[in-house]
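Chain by chain, the residues run as shown.
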Amino acid sequence: MVSKAVLGIAIAVVIVAAVLGYYLYEREAGGGPALAHVTMSTGETIEIPTDLTGSVMLYTSIPQEIMDGWIKDWNTYFSNFSKLDYYRAGSGSVVAKILAEQKAGSIKADVVYLAGYFDFKTLQDNGLIAKIPSVPEMQYIPNIYKDPNGYYVMGRLLVMVIVYNPALVSNPPRSWQELLQPQWKDKLVIANPMVSGSWQYSVLALVSKYGWGYFQQLKQNNPLVVQDVPDVARSVATGERPVGITLTMYLKTYTNLNYTIPNDGAIIIPSPIGIINGTKHLSDATLLLRYLLSKQAAISLANAYTYSSRIDGPTPPGLPPLSQMKTFNVTINDLQPYVAGLRDNWTSIFGG
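The notes below deal with the structure included here. Just so you know, these numbers come straight off a predicted model, no measurement behind them.

**As for helix α7 (residues 229-238)**
Then, in step 1: When α7 is considered as a whole, its buried residues turn out to be Val229, Val232, Ala233, Ser235, Val236 and Ala237.
Then, in step 2: Once α7 ends, the next one or two residues include Gly239, with phi positive near 90 degrees.

**Considerations on the packing of aromatic side chains**
Then, in step 1: Evaluation of the coordinates by the stated rule reveals 18 aromatic pairs.
Then, in step 2: Ring pairs connect the aromatic residues Trp199, Tyr210, Trp212, Tyr214, Phe215, Phe328, Trp346 and Phe350, which therefore count as one cluster.
Then, in step 3: A cation over a ring is seen here: Arg310 above Tyr140, with NZ or CZ 4.2 Å from the ring centre.

**As for helix α10 (residues 295-303)**
Counting along an α-helix, one turn takes 3.6 residues, and residues three or four places apart therefore face a common direction.
Then, in step 1: Among all positions in α10, only Gln296, Ala297, Ala298, Ser300, Leu301 and Ala302 are buried.
Then, in step 2: N-capping of α10 is provided by Ser294, with a side-chain oxygen placed 3.4 Å from the backbone N of Gln296.
Then, in step 3: Once α10 ends, the next one or two residues include Tyr305, with phi positive near 60 degrees.

**Comments concerning the side chain of Ser202**
Then, in step 1: By the secondary structure assignment, Ser202 is in helix α5 (residues 197-210).
Then, in step 2: Among the residues examined, Ser202 registers a relative accessible area of 0% and is labelled buried.
Then, in step 3: Excluding residues that lie within four positions of it along the chain, Ser202 makes contacts with Met160, Ile267 and Ile269.

**Description of the pairing of strand β1 (residues 36-39)**
Then, in step 1: Residues Ala36 and Val38 of β1 are buried on one face, while the alternating residues His37 and Thr39, pointing to the opposite face, are not.
Then, in step 2: Across four bridges, the pairing between β1 and strand β2 (residues 45-48) is antiparallel. Bridged to His37 within β2 is Glu47.
Then, in step 3: Hairpin remark: β1 followed by β2, antiparallel, with five residues in the connecting loop; positive phi at Gly43, about 90 degrees.

**Description of the packing of helix α2 (residues 64-77) against helix α9 (residues 282-292)**
Then, in step 1: Closest axis-to-axis distance for the α2/α9 pair is 12 Å, and the angle between their directions is 120 degrees. Classed by the angle they form, the pair α2 and α9 counts as oblique. Relative to α9, the crossing made by α2 is right-handed. Where α2 abuts α9, its residues Gly69, Trp70, Asp73 and Trp74 lie against Leu287, Leu288, Tyr291 and Leu292.
Then, in step 2: Split by residue class, the contact of α2 with α9 holds six nonpolar, one polar and one charged.

About the thresholds
- Residues numbered from 1 in each chain as written.
- Predicted model: local features only at pLDDT ≥ 70, side-chain atom pairs only at ≥ 80, totals over all residues.
- Heavy atoms only, no water.
- Buried < 20%, exposed > 50% of the residue type's maximum accessible area, 1.4 Å probe, protein only.
- Helix = DSSP H or I, 4+ residues; strand = E, 2+ residues; numbered from the N terminus.
- Phe/Tyr/Trp six-rings, centres within 6.5 Å; stacked < 30°, edge-to-face > 60°.
- Lys NZ or Arg CZ within 6 Å of the ring centre and 35° of its normal.
- Polar contact = N/O pair within 3.5 Å; in protein donor to acceptor, adjacent residues only side chain to side chain.
- Contact = heavy atoms within 4.5 Å.
- Pairing = 2+ DSSP bridges.
- Axes fitted to C-alpha atoms, helices over the stretch in contact; angles between N-to-C directions.
- Parallel < 35°, antiparallel > 145°, perpendicular 65-115°, else oblique.
- Left-handed = near helix turned anticlockwise from the far one by under 90°.
- Nonpolar A, V, L, I, M, F, W, Y, C, P; charged D, E, K, R; others polar.

Shown next, in the form of C-alpha cells:
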C-alpha cells in the first residue's frame, strides 16, 4: 500500500512536470517567455508577457465611440492580465494634463494616442516620449507612418473634408478655395486649432499650400469659430451654420450631414501613438500598443468612419477606400516651418 507521504511526493512531481511542460510549450509556441497566448476574433494572436504589472493607463483624444469598442475588446481578451484605464479629452487638453503631471512629478499616463502630430511633438520635445518597442503588428504599417527615429507610430488616419447640411445647401463648395467666395459669407463654421489637434494639422496644411493669406480671406466671410471639430459637425447638423470643415467620423453621428472631398484634396491627418518615457508599466504598455495596432482594433476605427493605417485595415462603411480618394499632398516636414507662428498668426486673424 502506498503511504500518504509517497503519494504526496508523486502528486507534487506531476504538478511540477505539468507546469514545466506548459512553460516549455509556451516558449516554443511564442518564441519567448509568455504567460498565455490570446487569439482575437480576427485570428490574430498576441502573446501575454510574464512581467505585466496588471494595469495600464491610456491618455487620448480618441472619440468615445471608438474607445467603447476598444474597452469591449480589452475586457474580452486582456482584462484578466492587465486593467485598462483611460483619460480622454481634446489633444491640447491631454498635452496640458501630462505637462502639469510632469511638473508635479507624477505622470499617470503610460500610453499616449493623439489626433495630430504637433501636439505629440510637444511631449516629445519635453523628453516625455520613449522609443517604442518593435512589435509584430508593425509589419502591417507602411514606413511613412513610422517615426524613423522610433518614437511613435501612426495608428489611424483622420480625413478632413467639407461638410454641409443638404436641407440648407443645394450646391455645396467643391474645394478649399471655393470657401473663400462671397456666397459663403456668414455660412461657414470652423474649429479652433489651439484646441483641436486635427484642425491644427489641417490649418498648417492649408497654410503650407496657400499661405496665411488664405485664412485672412476666409475671415472676410465671417466664419463661426467653435472649440473643436465635433462642435463643427453639430453646428452644421443643427443648421446653425450650413457648411463646415470637419472629419468624416462625424458623418455617422449626424446622419443628416453630407460631404464633399475637395477638388484640391482631403487632408489626411495621421495620429501618433507613443509610450511615456520612464513608465513603470512598460510590458502592459507594449501589450496595449500591440492591440491598438491590431486588425481587431481597426474594426472599431472603421465602425466610427475612421481609417486605420494598416495596409489590411477595413474601409469605413459608406466611404471610399483611401486609395481612391484625392488627398492633400503634404508631409509633416512640409508643415514644420509654420508651427512656430501658428498661435500668433491665428490669434491676429481670428482673435483669442
